[in-house]
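# Structure at a glance
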Amino acid sequence: MAPLSRRAGRLDDMCPKTDQSLRDGHSEVALRDEISAREIKYRLTKKVSMRYSPSLDGLRAVAVALVMASHFTWGRLPGGWVGVTLFFVLSGYLITKILVQELDSTGTLNLQRFYLKRFLRLSPALALVLAASLVIAILTAKLDSAVEAALFAGSYTMNFNRAFGLGEEGALGHTWSLAIEEQFYLLWPLMLLFVVKRRRIRLLLTAISIIVAWRFYLIVDGAEVQRIYNGFDTRADALLVGCLLALVEKSIPYRAWMPYVAIVTLFGCYIALKADASFIWAGGLFAATLASAALIKFTVVDGWARVFLTFKPFVFVGKLSYGLYLWHYMLLISAIRFQQDDNRVLYVTAVAVVSIGLAIASYFLVELPFNKLKDRIGRRPRTGAAAELPA
């Protein structure tokens, strides 16, 4: 063990505000306790905190733009599903990096803290949109269907509703993708806890293969497109590909031409493939999933893709992406009676402007405060064996 003076010197470098009175007037035991507590806090914060990558926010901006453009053109740009797929892969990638860091560092996961953080990240902004949808429904005399839709959306089961035709979706049908992500957040940490480290990659490859094969089987069996498009069991492969990327990204070499291939693949799927129960779309879906993973890989390394996506307006839109996704579709469908053949462009423009304004307000007044609260959870480590790392 290093001499006390040497350890205190290291701590001065790490924590410049060490109390001078402790070093001068208190007992050696008190000083040792102070050093131990602050050193643990420093190590925990330094080791486990994940470095923020603005380029990933830029990628979120691209994803939400793809979704909104498809909705605002009423499907004339058929590949809105490409943007959702990109969101899925990115979510699997980021969550896995956070979970694996904690698991490999501590040997366990604080599931209570993880689920609370996910709740604080996603639910407040969603609750605001659900409330707004109910207010609009009261004004338009559509409260019954809106309440049913809000129950599906608020319980994160809209994907099951759409896949199996259980009830009304109203203006909240787009929350099917949030439901799939929330179901993934519920299951994936539990799976990680019970799988030894050396078998993680094998598990993911097996699960991805099974889901892709199952999707093709359902197509052969004549399943409807809503069943295939909205099912957790048919879309979770995109999230798992993101998980796999988080585990193997360091072993994937960088080649300057690879982002071009990924972009061409995604763009081709976006303009050419409409979601339907066909082998062509199913193949395109998996191709877009792999291309999304490739694009994520090459936006976190130094290269032109990263430089492009760190352009400040892209990063800002990426920060607003969750709010934009929530608001734009709800408003687009809720106010549909105001759209006429001769004012379609004006209608879409108005919805876009209002959506941006509400997304900005939601980000600063709702999401940011709750995110700050989320980030404070678990940041007070306890000295001793029970000390925990922030996720």
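Residues numbered from 1 in each chain as written. Predicted model: local features only at pLDDT ≥ 70, side-chain atom pairs only at ≥ 80, totals over all residues. Heavy atoms only, no water.

Once that is clear, we can look at the layout of surface pockets. Over the atoms, a rolled probe matching the size of one water molecule traces out where space is still vacant. Taken as a whole, the second largest pocket holds about 560 Å³ of empty space. As for the second largest pocket, its lining consists of 22 residues, of which Ser-70, His-71, Pro-78, Arg-162 and Tyr-229 are closest to the centre. Elements that contribute at least two residues to the lining of the second largest pocket include exactly helix 4 (54-72), helix 5 (80-106), helix 11 (225-230) and helix 16 (312-334). Ranked by residue count, the leading element in the lining of the second largest pocket is helix 16, at four residues. Here the lining of the second largest pocket is built from residues that sort into 13 nonpolar, seven polar and two charged. (1 Å grid on protein atoms, 1.4 Å probe; cavity = no way out; pocket = protein on both sides within 12 Å on 5 of 7 lines; lining within 4 Å. Points joined across faces, edges and corners; volume = space filled by probe spheres on them. Helix = DSSP H or I, 4+ residues; strand = E, 2+ residues; numbered from the N terminus. Nonpolar A, V, L, I, M, F, W, Y, C, P; charged D, E, K, R; others polar.)

Moving on: the side chain of Ser-334. Among the structural elements, Ser-334 can be located in helix 16. The class for Ser-334 is buried, based on a relative accessible area of 17%. Among the polar contacts listed, one links the side chain of Ser-334 to the backbone oxygen of Met-330, at a separation of 2.7 Å. Not counting the four nearest positions on each side in its chain, Ser-334 is found in contact with Ile-136 and Ala-171. (Buried < 20%, exposed > 50% of the residue type's maximum accessible area, 1.4 Å probe, protein only. Polar contact = N/O pair within 3.5 Å; in protein donor to acceptor, adjacent residues only side chain to side chain. Contact = heavy atoms within 4.5 Å.)

What follows deals with the packing of aromatic side chains. Taken as a whole and judged by the stated rule, the model has 14 aromatic pairs. Where Phe-184 meets Tyr-185, the ring centres are 5.8 Å apart and the plane angle is 55°; that geometry is what we call tilted. One exposure class covers both Phe-184 and Tyr-185, and it is buried. Members of the aromatic cluster, each reached through a chain of ring pairs, are Trp-81, Phe-88, Trp-176, Tyr-229 and Trp-281. (Phe/Tyr/Trp six-rings, centres within 6.5 Å; stacked < 30°, edge-to-face > 60°.)

A few words on a nonpolar patch on the surface. Together, Trp-257, Tyr-260, Val-261, Ile-263, Trp-304 and Phe-308 line one region of the surface with nonpolar side chains, adding up to about 630 Å² of accessible area. The element that contributes the greatest number of residues to the nonpolar patch is helix 13 (residues 258-272), accounting for three residues. If you trace the backbone, Trp-304 turns up in helix 15 (residues 304-309). The exposure class of Trp-304 is partly exposed, given its relative accessible area of 34%. (Patch = residues over 30% accessible without salt bridge, like charges linked within 9 Å, V, L, I, M, F, W, Y side chains within 5 Å. Areas by Shrake-Rupley, 256 points an atom, 1.4 Å probe, with all protein chains shown as cover. Salt bridge = Lys/Arg side-chain N within 4 Å of Asp/Glu carboxyl O.)

What follows concerns the side chain of Ser-53. As for its placement among the helices and strands, Ser-53 is situated in the loop between helix 3 (28-48) and helix 4. On the accessibility criterion, Ser-53 (15% relative accessible area) is buried. Of the polar contacts made by the side chain of Ser-53, one reaches the side chain of Ser-55; its length is 2.9 Å. Ser-53 has contacts with Thr-299 and Val-300, leaving out every residue within four places of it along the chain.

So, on to the packing of helix 4 against helix 5. Helix 5 packs onto helix 4 with a crossing angle of 150° between their chain directions and a minimal axis gap of 7 Å. On the basis of their axis angle, the class for helix 4 and helix 5 is roughly antiparallel. The interaxial crossing formed by helix 4 with helix 5 has left-handed handedness. Along the contact surface, helix 4 presents Leu-56, Leu-59, Arg-60, Ala-63, Val-64, Leu-66, Val-67 and Ser-70, while helix 5 presents Gly-80, Val-82, Gly-83, Val-84, Leu-86, Phe-87, Leu-90, Tyr-93 and Leu-94. Taken together, the residues that form the contact of helix 4 with helix 5 break down as 13 nonpolar, three polar and one charged. (Axes fitted to C-alpha atoms, helices over the stretch in contact; angles between N-to-C directions. Parallel < 35°, antiparallel > 145°, perpendicular 65-115°, else oblique. Left-handed = near helix turned anticlockwise from the far one by under 90°.)

Turning to the environment of Leu-186, a few remarks are in order. In this fold, Leu-186 is placed in helix 9 (residues 176-193). Classification of Leu-186 by relative accessible area gives partly exposed; the value is 47%. Sequence separation of Leu-186 and Leu-111 is 75 residues, and the distance between their C-alpha atoms is 9.3 Å.

The subject of this paragraph is the pattern of salt bridges. Scanning all chains against the criterion turns up eleven salt bridges. For Arg-162, the salt bridge goes to Glu-169, with nearest N and O atoms at 3.5 Å. Under the relative-accessibility criterion, Arg-162 is labelled buried at 17%. The exposure class of Glu-169 is partly exposed, given its relative accessible area of 25%. When the shortest N-O distance is used, the salt bridge between Lys-374 and Asp-375 registers 3.0 Å. Salt bridges here are not isolated pairs; linked through shared partners, they connect Asp-57, Arg-60 and Lys-319.

Given a rise of 1.5 Å per residue, twelve residues ought to cover 16 Å, and the 16 Å separating the end C-alpha atoms of helix 7 (residues 143-154) matches this to within 8%. Backbone geometry just after helix 7 places Tyr-156 at a positive phi near 55°. (Expected span 1.5 Å × (residues − 1).)

Attention now goes to the packing of helix 9 against helix 12 (residues 232-248). Axis separation between helix 9 and helix 12 bottoms out at 10 Å; the angle between their running directions is 65°. In this structure, helix 9 meets helix 12 at a crossing whose hand is right-handed. The segment helix 9 lies against helix 12, with Trp-176, Ile-180, Glu-181, Gln-183, Phe-184, Leu-187 and Trp-188 engaging Phe-232, Arg-235, Leu-239, Leu-240 and Cys-243. Of the residues that constitute the contact of helix 9 with helix 12, the class distribution is nine nonpolar, one polar and two charged.

Such coordinate-based values are descriptive only and should not be taken to indicate function.
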